[in-house]
Amino acid sequence: PGNVTCGEVLPIYAEEYAPTVAAPERIGYAIEALLPFWSASKLSAVKGQTCRRYVKWRDRSAGTTRRELGTLQAAINYAHREGYITSAPVVTLPDPPGRRERWLTRDEAARLLWAAYRGHKAKHIARFILIGLYTGTRKDAILRMGFEPNTVGGWFDLERGIMYRMGEHERQTKKRRTPAPIPRKLQAHLRRWRLEGCQWAVEYQGTRIGDIKRGFAKAAQDAGLEKVSPHTLKHTAITWAMQRGVAKWEAAGFFSTSAETIEKVYGHHAPDFMESARDAMDGVSRR
């Protein structure tokens, strides 16, 4: 480690390992951020102090710097496994950020949808919002979905009423993307868009949209909403489902999210949350 730099290890990881994963661009983004700070540093300099300096230098959210430093650790571990270095220094990660509890009320969702719909050249953002609210599907998966099987991502099978969040040739990642039935109200919208000649669920002038970051932020701003991101739609969809009494295991299957996450993050929204404990304590107070 004293003879090898981070600037040598990171490209090895990018060239040899990144092509084998489902989303190599994520590794690329992290390495692009890491190199300006770490490139000339020996691996022996990777310690708590330098990692904390990186977090301060980077000046980004804890979640962002944690992912980037995690990539550095993965690159070091890979180099060790492959015999490039004799030992693997430990990267000190910042504490994980607290879980986001932001979800939209129905009034907020209506305002966001209306702001997107009336926005000039932004009706595709309204379509994205509708799909997100009805299905709780992640942003990247929505933007890859079409109306026919394709090589990019999943698709809506309107004949059978099934949405396939992942294409046949895509690799499964930790972010599960399982099939689910299309909600009836959303299916009506999808059929109309299909009749209009759309090939993709979210498109502009016949071209699939690759990113909606700026358009979504503009709609949220116009709607007067703060701390709202595309992922808020998934959080909102699951929260609404739990508030309506959907069983946790059914919600896990429909939203392609683990039952553990449903229980831990969203369980308190269920109408029967800790009901037996409450009833027990009511009985204690009566006695």
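Because the structure is predicted, anything quoted here is derived from the model rather than measured.

Quick notes on the rules
The written sequence of each chain sets the order in which its residues are numbered from 1. It should be noted that, the model being predicted, local features are given only for residues of pLDDT at least 70 and side-chain atom pairs only at 80 or more, the latter also being counted only at that level, while totals for whole chains, interfaces and linings use all residues. Hydrogens and waters are ignored; side-chain quantities use all the structure's heavy atoms. Starting at the N terminus, helices and strands are each numbered in turn, a helix being any DSSP run of H or I of at least four residues and a strand any DSSP run of E of at least two. In this description, contact between two residues means that some pair of their heavy atoms is separated by no more than 4.5 Å. Two rings from Phe, Tyr or Trp (for Trp, the six-membered ring) form a pair when their centres sit within 6.5 Å of each other. Planes less than 30 degrees apart are called stacked, planes more than 60 degrees apart edge-to-face, and all others tilted. Throughout, exposure labels follow a simple rule: accessible area from a 1.4 Å probe, protein chains only, divided by the maximum for the residue type, with under 20% read as buried, over 50% as exposed, and the rest as partly exposed. Should DSSP find at least two bridges between two strands, the strands are regarded as paired.

**Notes on the environment of Thr 65**
Argument step 1. Along the polypeptide, Thr 65 turns up in helix α4 (residues 62-81).
Argument step 2. For the pair formed by Thr 65 and Tyr 54, sequence separation is 11 residues and the distance between their alpha carbons is 8.3 Å.
Argument step 3. In this structure Thr 65 touches Val 55, Arg 58, Arg 60 and Pro 94, once residues within four positions along its chain are discounted.

**Comments concerning the packing of aromatic side chains**
Argument step 1. Scanning the model with the defined rule gives 13 aromatic pairs in all.
Argument step 2. Arranged with centres 6.3 Å apart and planes meeting at 40 degrees, the rings of Phe 147 and Phe 156 form a pair that is tilted. Taken individually, Phe 147 and Phe 156 each receive the classification buried, so the pair is uniform in this respect.
Argument step 3. Relative to Phe 255, the ring of Phe 254 lies with its centre 5.0 Å away and its plane at 90 degrees, an arrangement referred to as edge-to-face.
Argument step 4. The class of Phe 255 is buried, set by a relative accessible area of 5%.

**Quick notes on the sheet that holds strand β2 (residues 162-164)**
Argument step 1. One open sheet holds the three strands; their spatial order is β1-β2-β3, and the pairing between them is antiparallel. Each of the sheet's edge strands pairs with one partner strand only, and the pair in question is β1 (155-157) and β3 (180-181).
Argument step 2. In terms of strand pairing, β2 meets β3 through two bridges, oriented antiparallel. Following the sheet pairing, Met 163 is matched in β3 by Ala 180.

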